[in-house]
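# A look at the structure
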There are 2 protein chains.
Amino acid sequence: MELWFTEQHTKDVNFSIRVEKQLYSSQSDFQKIDIFDTKEFGKILTLDGYIMVTEKDEFIYHDMITHVPMATNPNIKKVLVIGAGDGGTIRELTRYSTIEQIDMVEIDPMVVSACQEYIPQTACKLTDERVHIYYEDGLKFVRTKNNEYDLVIVDSTDPFGPGEGLFTKEFYGNCYNALTEDGILVNQHESTFYDEYVATMQRAHKRIKELFPVVGVYQAHIPTYPSGHWLFGFASKKYDPIKDFHADQWNQLGLITKYYNTDLHVGAFAVPNYVKELLEDVKQ
Amino acid sequence: MELWFTEQHTKDVNFSIRVEKQLYSSQSDFQKIDIFDTKEFGKILTLDGYIMVTEKDEFIYHDMITHVPMATNPNIKKVLVIGAGDGGTIRELTRYSTIEQIDMVEIDPMVVSACQEYIPQTACKLTDERVHIYYEDGLKFVRTKNNEYDLVIVDSTDPFGPGEGLFTKEFYGNCYNALTEDGILVNQHESTFYDEYVATMQRAHKRIKELFPVVGVYQAHIPTYPSGHWLFGFASKKYDPIKDFHADQWNQLGLITKYYNTDLHVGAFAVPNYVKELLEDVKQ
């Protein structure tokens, strides 16, 4: 028997992974949730047919969304994470003993329970005593917060379906207000290689740029995401991710990471010319 | 009608591109050569079923294999290119007025003629008067050369089939001898993400490291290559690609590039920890 999962990266490009077994399949109030066991990527979580996490390459995404802001401001104590139902971002954050509180706002409790049952590799630290999980709409949650978090991580799905509101001007404005005066916002920023993702990426970048004095994007190689070239947004009220970067202090923590290192931190902000041009050339 | 080209990235991972039309198909003395027209990637060249070049992302590979050594030593005058039948590497080299001679050694004349007919985007500069094409085995050609080239670029296919000899110790040793005392060797270095490519990458790296005093690898995001994370090897007798890097001088040339820039030059050498570990952990 041959069983293959296929994701359309564009309508003319397919990416397929051989599946050993479908472990879980369910329709929640928000989306279709599936977990597959595969030989090449281990367990993979898909939402509405799009790959969110695989055991083989999740370390890349979770290293980059977490350690870049943490190495920029080592004094981060209170963190808000929006999305992140698989738990991978939380797992990385809990490695910092200096973090006192992590509020996680995930709209879909079924994603969390499925990952806790089938993908403990990412979900293993959701029970850490510093973690508070709110099963709410991130858009609404953040509206009520003011000057509270040192770091907001938007670990969202794509800008359609349940994640759509997390790419709006109102949302980014509320994130700004929720942050303390030295606060940092990091968000998953989609990709620039295939045309159909470009407009969203440009719009998100423009909206963040209108709000924050320090704004940049950085990149990682994530093999299971469309094109493999993925961007993260970095926005902050004060700290520059390169000039204020505390490489020595981060290295002294002795955290072992499979992707991130302090040279790569700097290198990740050196994006290709075609990406720089797309970021500058924003009309809407 | 639906027509799809599929490449096995591993035996459990497929990458498929919708094809508008097969433009060319031929069996040469060395390999099966196909050229397809596609909506997403423009024209694509495959050899024995593996994607070599697409019009949409070839700029990444050709920028990185060319401008990194050229910006490290701006005095490069005589270049040997092994492989490169599509012409993209030659096109980038001919943009430097300081280069006096480019010897290109391609084993398969049918690749060159097919690209000249169907992919002028890459093959357009093969008629430059500084370019001399030798239709020979690169392995044999380089044996006869001594202290002649400032730069050798190994723009090879994968380490099986006709490209196999270009990953051997004998070959790298002959490249060393073919180089002048400030010579640089750059080679396509495969990928590290999927296990089946790792051993070849490690072996190539170890062999080069035994020969050259300065050795490094650098990365690029190439969406149509397996995993999208691709490595290049940099080896040299004298120049360090970071310490001896002439960023200002390169920027003064005014070359417009779609991928390469001088910040990215430095960032490309900051590879992930898992790649660094694989490069250090070489047994054979």
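Residues numbered from 1 in each chain as written. Chains lettered and ligands numbered in written order. Predicted model: local features only at pLDDT ≥ 70, side-chain atom pairs only at ≥ 80, totals over all residues. Heavy atoms only, no water.

The name given to chain A in an unreviewed UniProt entry is Polyamine aminopropyltransferase, with Anaeromicropila herbilytica as the source organism. Checking UniProt for chain A, the heading Pathway (unreviewed entry) contains the comment "Amine and polyamine biosynthesis; spermidine biosynthesis; spermidine from putrescine: step 1/1." In its Catalytic activity (unreviewed entry) section, the UniProt entry covering chain A states "S-adenosyl 3-(methylsulfanyl)propylamine + putrescine = S-methyl-5'-thioadenosine + spermidine + H(+)". (UniProt positions renumbered as here; feature names shortened; annotations may be inferred.)

What follows is about the side chain of B:K237. All names here are of chain B. Within the fold, K237 resides in the loop between β12 (229-236) and α8 (247-252). In this structure, K237 is buried with no salt-bridge partner, the nearest side chain bearing the opposite charge being E181 at 8.2 Å. At a separation of 2.8 Å, a polar atom in the side chain of K237 contacts the main-chain carbonyl oxygen of Y176. Those residues in contact with K237 that sit more than four places away from it in its chain are Y176, L179, T180, E181, G183, F212 and P213. (Helix = DSSP H or I, 4+ residues; strand = E, 2+ residues; numbered from the N terminus. Buried < 20%, exposed > 50% of the residue type's maximum accessible area, 1.4 Å probe, protein only. Lys, Arg positive; Asp, Glu negative; His and termini not counted. Salt bridge = Lys/Arg side-chain N within 4 Å of Asp/Glu carboxyl O. Polar contact = N/O pair within 3.5 Å; in protein donor to acceptor, adjacent residues only side chain to side chain. Contact = heavy atoms within 4.5 Å.)

Further remarks concern unusual backbone geometry. Of note in this structure, A:D48 is not a glycine but carries a positive phi near 50°. The backbone of B:E190 shows a phi angle near 65°, a positive value even though the residue is not glycine. Of note, B:E190 is situated in the loop between β10 (179-188) and α7 (195-211).

Residues and elements named next belong to chain B. With mixed pairing, 7 strands are arranged side by side in an open sheet as β8-β7-β6-β9-β10-β12-β11. Each edge of the sheet is formed by a strand with only one pairing partner; in this case those strands are β8 (131-134) and β11 (214-221). If you compare each strand with its neighbour and ignore which way they point, the axes differ by 15° on average. Pairing between β10 and β12: 5 bridges, direction antiparallel. (Pairing = 2+ DSSP bridges. Axes fitted to C-alpha atoms, helices over the stretch in contact; angles between N-to-C directions.)

Right, let's get into the domain arrangement of chain A. Residues and elements named next belong to chain A. Per the domain assignment, the segments making up chain A are domain 1 (4-54) and domain 2 (58-280). Of note, the centres of domain 1 and domain 2, computed from C-alpha atoms alone, are 22 Å apart. Taken together, the contact between domain 1 and domain 2 spans 25 residues of the former and 24 residues of the latter. Buried surface at the junction of domain 1 and domain 2, both sides included, amounts to about 2,200 Å², of which 69% is carbon and sulfur. Three residues, H9, F30 and V53, lead the burial of domain 1 against domain 2; their summed loss comes to 25% of the area buried on that side. Between the two partners, domain 1 and domain 2, sit 0 salt bridges. A total of 6 residues in the side of domain 1 that touches domain 2 trace back to one element, the largest contributor, which is strand β2 (residues 13-27). Considered class by class, the residues forming the side of domain 1 that touches domain 2 number 15 nonpolar, 7 polar and 3 charged. (Domains from an automatic or database assignment. Buried area = accessible area lost by both parts, 1.4 Å probe. Nonpolar A, V, L, I, M, F, W, Y, C, P; charged D, E, K, R; others polar.)

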